[in-house]
Amino acid sequence: MEPGSRGAAPGGVSVSAVLPAGGSGERLGGATPKQFCAVQGRPLVSYAVRAMERISWISDVIVVVSPENIETMKTIIEKYGHKKVTVVEGGITRHRSIFNGLKVFAENEFSSHLLQKPEVVIIHDAVRPFVEEDIVSKVVTAAKEHGAAGAIRPLVSTVIASAADGCLDHSLERARYRASEMPQAFLFDIIYEAYQQCTDYDLDYGTECLHLALKYCKTNAKLVEGTADLWKVTYKRDLYAAESIIKDSLSQQVCVITNVKETLAQVGFLLPESLKSQIKVEAISISLSKNDSHLQNIISGQCYNFVCVNDKRCAIQEIQELVDMLEKSNIPLLYPVVLISVHLEVSEKNSFSFGMEDLTTIKKFARETKKKNILVYGLLIQYK
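An unreviewed UniProt entry lists the protein under the name D-ribitol-5-phosphate cytidylyltransferase, from Daphoenositta chrysoptera. According to its UniProt record, the protein has this under Subunit (unreviewed entry): "Homodimer." In UniProt, the protein has this text filed under Sequence similarities (unreviewed entry): "Belongs to the IspD/TarI cytidylyltransferase family. IspD subfamily."

What follows is the structure, encoded as structure tokens:
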């Protein structure tokens, strides 16, 4: 399914997301707010937006930014091709910004156009770039049943309280407590009512959305055990860690596209099977001349490695279709895309039918695509 279209959400509910991105990044240091800091050449907020946008059943993604960063955010949306994003002006605190994001679905005067109110709304920090669909699905499912839900992780350090004189007052039993993480999800009517009822003190000093739902709507949130990659970029060292994770993920995923006759289908099947033990593999069997929604989703998810298996004498035309799709996605703007064209040939002879003219054509094509940051390689395999 292409970005912007609606898939089936867990439990069949309509779902949208609000991403507060109005922080100043004081703890990070430097003039640039952390959500706009570049990681591998791309702003951190763009990774978080992409993580939500690639989930087909999320209808709208609301990004809430400070007034001075609205144009910056709009430029990011345009540059990186985000399709279902609305930018909203934030407030002076986190809770006020989230409230502004929710108002887009409920108050005509707050936005130039009122978006369709979702049954469930996800709240997720713009500086948590590595959230996966699985945990998002779990909190949405739990929110539908309980009214509110949030990801949690075990505490890594003991929490202590100090007395007025600066000495230890007491400590908490670490095994009983958990760190509240994101994403969180709520029935829209519950969290919106909570924000409408909460005091200025809550809006200015509070930080926990689940607490608002409990305090004002008597809704006990379901706590969902999260994964280790839900951490928040807070300090400069976190940017380096995020960059390392992204670099590693680029080399750990490959899309294998097969378009072969039945006699060669087994060979096309064996390739992804042999790769699965080493890296994440998406295997699809399509004709590249068709606009396949599954392949579009893989590309929008930013896969940078492709293997195209075919049995045509010269598959340049079909490879060109993939190159065109990659160009339109803007993926090669930041990192090189590797595209390996595998030609399978059935022959009882010990020589290939490929001639010098075919090889010259492939080399010329590879030189042209290299200018677009797409690296094309050819592989001939004889199958007897």
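**Q** I'd like to hear about the overall build of the protein, residue by residue, with values.
**A** Helix and strand counts for the protein come out as 12 helices and 16 strands. In the protein, 76% of the contacts between residues at least 6 apart in sequence involve partners at least 24 apart. Working note: accessible area of the protein is about 19,300 Å², and carbon and sulfur atoms make up 50% of it.

**Q** How would you sum up the pattern of salt bridges? Please name residues and give values.
**A** For the structure on display, the rule yields 10 salt bridges. A salt bridge links Glu-181 to Arg-128; the shortest N-O distance between them is 2.7 Å. Here the residue Glu-181 occupies a position in strand 10 (residues 178-187), and Arg-128 occupies one in the loop between strand 6 (120-123) and helix 4 (133-146), the gap between them amounting to 53 residues. Each member of the pair, Glu-181 together with Arg-128, is buried. Salt-bridge contacts for Lys-215 lead to Asp-202; the nearest nitrogen and oxygen are separated by 3.4 Å. Linking Lys-215 in helix 7 (residues 209-217) with Asp-202 in helix 6 (residues 200-205), this pair joins segments that are 13 residues apart in sequence. Classification of Asp-202 by relative accessible area gives buried; the value is 8%.

**Q** A description of the environment of Leu-230 should follow, citing residues and the corresponding values.
**A** Of note, Leu-230 is situated in the loop between strand 11 (222-225) and helix 8 (236-250). Note on Leu-230: relative accessible area 2%, which makes it buried. Sequence separation of Leu-230 and Met-182 is 48 residues, and the distance between their C-alpha atoms is 6.8 Å. For Leu-230, the contacting residues outside a window of four places in its chain are Arg-128, Val-131, Ile-135, Ala-151, Glu-181, Met-182 and Pro-183.

**Q** Describe in detail the state of the cysteines, supporting the description with residues and values.
**A** Scanning all chains against the criterion turns up zero disulfides. In this model Cys-308 remains outside any disulfide bridge; the closest cysteine sulfur is found in Cys-255, 7.6 Å from its own. On the basis of relative accessible area, Cys-308 is assigned to the buried category, the value being 3%.

**Q** Give a detailed account of the sheet that holds strand 11, specifying residues and quantitative values.
**A** If you walk across this open sheet you meet the seven strands as 5-4-1-6-10-7-11, and the pairing is mixed. Unpaired on one side and paired on the other, strand 5 (85-89) and strand 11 mark the two borders of the sheet. With strand direction ignored, the average angle separating the axes of adjacent strands in the sheet is 25°. Judged from the four bridges that link them, strand 1 (residues 15-20) and strand 6 form a sheet pairing that is parallel. Paired with Val-18 across the two strands is Ile-123, which belongs to strand 6.

**Q** If you had to explain helix 5 (residues 188-197) to someone new, which residues and values would you point to?
**A** Every buried residue of helix 5 is listed here: Phe-188, Ile-190, Ile-191, Tyr-192, Ala-194 and Tyr-195. The secondary structure elements touched by the buried residues of helix 5 are helix 3 (94-103), strand 6, strand 10, helix 6 and helix 7.

**Q** With reference to specific residues and values, describe the nonpolar core.
**A** Ile-58 and Val-136 are the most contacted members of the largest nonpolar core, which totals 39 residues. When residues of this core are traced back to their parent elements, those giving at least two are strand 1, helix 1 (44-53), strand 4 (58-65), helix 2 (70-79), strand 6, helix 4 and strand 7 (148-154). At six residues, helix 4 tops the list of elements feeding residues into this core. Not counting residues within four places of it along the chain, the set of residues in contact with Val-136 comprises Met-52, Ile-55, Trp-57, Ile-58, Ile-122, Val-131 and Pro-183. Of all hydrophobic cores here, the second largest spans 36 residues; its members include Val-39, Ile-298, Cys-308 and Ile-331.

**Q** Describe the pairing of strand 10, with residues and values.
**A** In terms of strand pairing, strand 6 meets strand 10 through four bridges, oriented antiparallel. When the bridges of strand 10 are listed, Ile-123 appears paired with Gln-184. For strand 7 and strand 10, the ladder comprises six bridges, and the chain directions are antiparallel. Bridge pairing in strand 10 places Arg-153 opposite Ala-179.

**Q** Account for the confidence of the model for the protein, naming residues and giving values.
**A** Of all residues in the protein, 84% attain a pLDDT of 70 or more, and the chain-wide mean is 84. Below pLDDT 50 for its whole length, residues 1-5 participates in 15 contacts with residues either more than four positions away or in separate chains.

**Q** Residues and numbers for a nonpolar patch on the surface, please.
**A** On the surface, a cluster of nonpolar side chains totalling about 210 Å² of accessible area is made up of Val-159, Leu-172 and Tyr-177. Along the polypeptide, Val-159 turns up in the loop between strand 7 and strand 8 (160-162).

**Q** Please provide a residue-by-residue account of the packing of helix 5 against helix 7, values included.
**A** For the pair helix 5 and helix 7, interaxial distance at closest approach is 9 Å and the crossing angle is 80°. Classified by the angle between their axes, helix 5 and helix 7 sit roughly perpendicular to one another. Contacts from Ile-190, Ile-191, Glu-193, Ala-194, Tyr-195 and Gln-197 of helix 5 reach helix 7 at Cys-209, Leu-212, Ala-213, Tyr-216 and Cys-217. A class-by-class count of the residues in the contact of helix 5 with helix 7 yields nine nonpolar, one polar and one charged.

**Q** Give me the pairing of strand 4: which residues, what numbers.
**A** Here strand 4 lies mainly inside the structure; eight of its eight residues are buried. In this sheet, strand 4 lies alongside strand 1 in parallel orientation, the contact comprising five bridges. Across the sheet, the residue bridging to Leu-19 is Val-63, located in strand 4. Remark: the strand 4/helix 2/strand 5 crossover connection has right-handed handedness.

Thresholds, definitions, all that
- Residues numbered from 1 in each chain as written.
- Predicted model: local features only at pLDDT ≥ 70, side-chain atom pairs only at ≥ 80, totals over all residues.
- Heavy atoms only, no water.
- UniProt positions renumbered as here; feature names shortened; annotations may be inferred.
- Helix = DSSP H or I, 4+ residues; strand = E, 2+ residues; numbered from the N terminus.
- Contact = heavy atoms within 4.5 Å.
- Areas by Shrake-Rupley, 256 points an atom, 1.4 Å probe, with all protein chains shown as cover.
- Salt bridge = Lys/Arg side-chain N within 4 Å of Asp/Glu carboxyl O.
- Buried < 20%, exposed > 50% of the residue type's maximum accessible area, 1.4 Å probe, protein only.
- Disulfide = S-S within 2.5 Å.
- Pairing = 2+ DSSP bridges.
- Axes fitted to C-alpha atoms, helices over the stretch in contact; angles between N-to-C directions.
- Core = buried A, V, L, I, M, F, W, Y, C linked by side-chain atoms within 4.5 Å.
- pLDDT = per-residue confidence, 0-100.
- Patch = residues over 30% accessible without salt bridge, like charges linked within 9 Å, V, L, I, M, F, W, Y side chains within 5 Å.
- Parallel < 35°, antiparallel > 145°, perpendicular 65-115°, else oblique.
- Nonpolar A, V, L, I, M, F, W, Y, C, P; charged D, E, K, R; others polar.
- Right-handed = clockwise from strand over helix to strand, strands pointing away.

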